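Structural overview
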Amino acid sequence: MSLTVAAITFGIVFLSELPDKTALASLMLGAKYRASYVFVGIAAAFALQVGIALVAGHLLALLPHRWVEGVTGLLFLAGAAMLLFHGGGDDEDGHAAKEPSANSFWKVAGASFVVVAIAEFGDLTQIMTANLAAKYADPLAVGLGAWLALCAVAGIAILGGQKLLKHVPMKMIIRVAAGIMVLMAGFSIFQAITG
């Protein structure tokens, strides 16, 4: 395993993931639930997605661009709807994070896993990971670099969500996040139509 390849992959994927929808999802989940539970679910989802990229990423790159953009747009709309209709909550002061009960680890980690696994499917960083694996012929180094980069961005977003909630009400965060997802959906659907 080449540490240089892992470092190059880490840098490329880290910078690409910072403005990504998954960072937004991580921020939202981190603001709402216990950070360690969320991180475990997200890290597992990233491991799955990196594995898919390493094994079958070249097939993703062959999909027609319009299909990828159309599906992405629909996923953004579904994510915005989920945020608006299921994420509002009735917090007394609008600032309190939900503290999961002792037996809710699997629920929180599982929900985090599903949200990120769906959001990352066919994502730019997944396709880039597949391309880097093909270029360097060192899937272990590329996989490790990509997974560490994705986890680092998610960790930053989760901690940011915890800090943000101390100053901004959860309902406001949800509305802004949903608005951003609707804009991203519109852009993706526009790209799918205009090709």
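Residues numbered from 1 in each chain as written. Predicted model: local features only at pLDDT ≥ 70, side-chain atom pairs only at ≥ 80, totals over all residues. Heavy atoms only, no water.

Below, the discussion takes up the overall build of the protein chain. In terms of regular secondary structure, the protein chain is built from eight helices and zero strands. The linear arrangement of helices and strands in the protein chain, starting from the amino end, is α-α-α-α-α-α-α-α. In the protein chain, which comprises 195 residues, the proportion classed as buried is 43%. Within the protein chain, contacts between residues separated by at least 24 positions form 93% of all contacts whose residues are at least 6 apart in sequence. Just so you have it, the protein chain exposes about 10,200 Å², and 74% of that area is on carbon and sulfur atoms. (Helix = DSSP H or I, 4+ residues; strand = E, 2+ residues; numbered from the N terminus. Buried < 20%, exposed > 50% of the residue type's maximum accessible area, 1.4 Å probe, protein only. Contact = heavy atoms within 4.5 Å. Areas by Shrake-Rupley, 256 points an atom, 1.4 Å probe, with all protein chains shown as cover.)

Nonpolar side chains tend to gather and get buried jointly when the protein is soluble and globular. Counting 21 residues, the largest nonpolar core has V13, V38, I42, F46, V116 and L150 as the members making the most contacts within it. Elements supplying a minimum of two residues to this core: α1 (3-17), α2 (21-32), α3 (35-62), α5 (105-120) and α7 (139-164). The residues touching L150, leaving out its near neighbours within four places in the chain, are V13, E17, F46, V50, E120 and T125. (Core = buried A, V, L, I, M, F, W, Y, C linked by side-chain atoms within 4.5 Å.)

Right, let's get into the side chain of S112. Here S112 lies in helix α5. For S112, the residues in contact, after removing those within four places along its chain, are L29, V38, G41 and I42.

Let's shift gears to the packing of α1 against α7. Where α1 contacts α7, the axes come no closer than 7 Å and their chain directions differ by 35°. Judged by the sense of rotation from one axis to the other, the crossing of α1 with α7 is right-handed. Contact residues: α1 offers V5, A6, T9, F10, V13, F14 and E17, while α7 offers A141, V142, G145, A146, L148, A149, L150, A152, V153 and I156. For the contact of α1 with α7, the class distribution of residues is 14 nonpolar, two polar and one charged. (Axes fitted to C-alpha atoms, helices over the stretch in contact; angles between N-to-C directions. Left-handed = near helix turned anticlockwise from the far one by under 90°. Nonpolar A, V, L, I, M, F, W, Y, C, P; charged D, E, K, R; others polar.)

Take the environment of A133 next. Structurally, A133 can be placed in helix α6 (residues 124-136). Not counting residues up to four positions away in its chain, the partners in contact with A133 are L54, D138 and V142.

Here the focus is the environment of T4. With respect to the helices, strands and loops of the structure, T4 is situated in helix α1. Along the chain, T4 and A141 lie 137 residues apart, while their C-alpha atoms are 8.4 Å from each other.

Along the chain, the position of L164 falls in helix α7. By relative accessible area, which is 32% here, L164 ends up partly exposed. Residues L164 and G30, spaced 134 residues apart in sequence, show a C-alpha to C-alpha distance of 9.8 Å.

So, about the packing of α2 against α5. Relative to each other, α2 and α5 sit at 165°, their axes nearing to 9 Å. Considered as vectors, α2 and α5 are oriented roughly antiparallel to each other. The handedness of the crossing between α2 and α5 is right-handed. Where α2 abuts α5, its residues K21, T22, A25 and L29 lie against S112, V115, V116, A119 and E120. Across the contact of α2 with α5, the residue classes tally to five nonpolar, two polar and two charged. (Parallel < 35°, antiparallel > 145°, perpendicular 65-115°, else oblique.)

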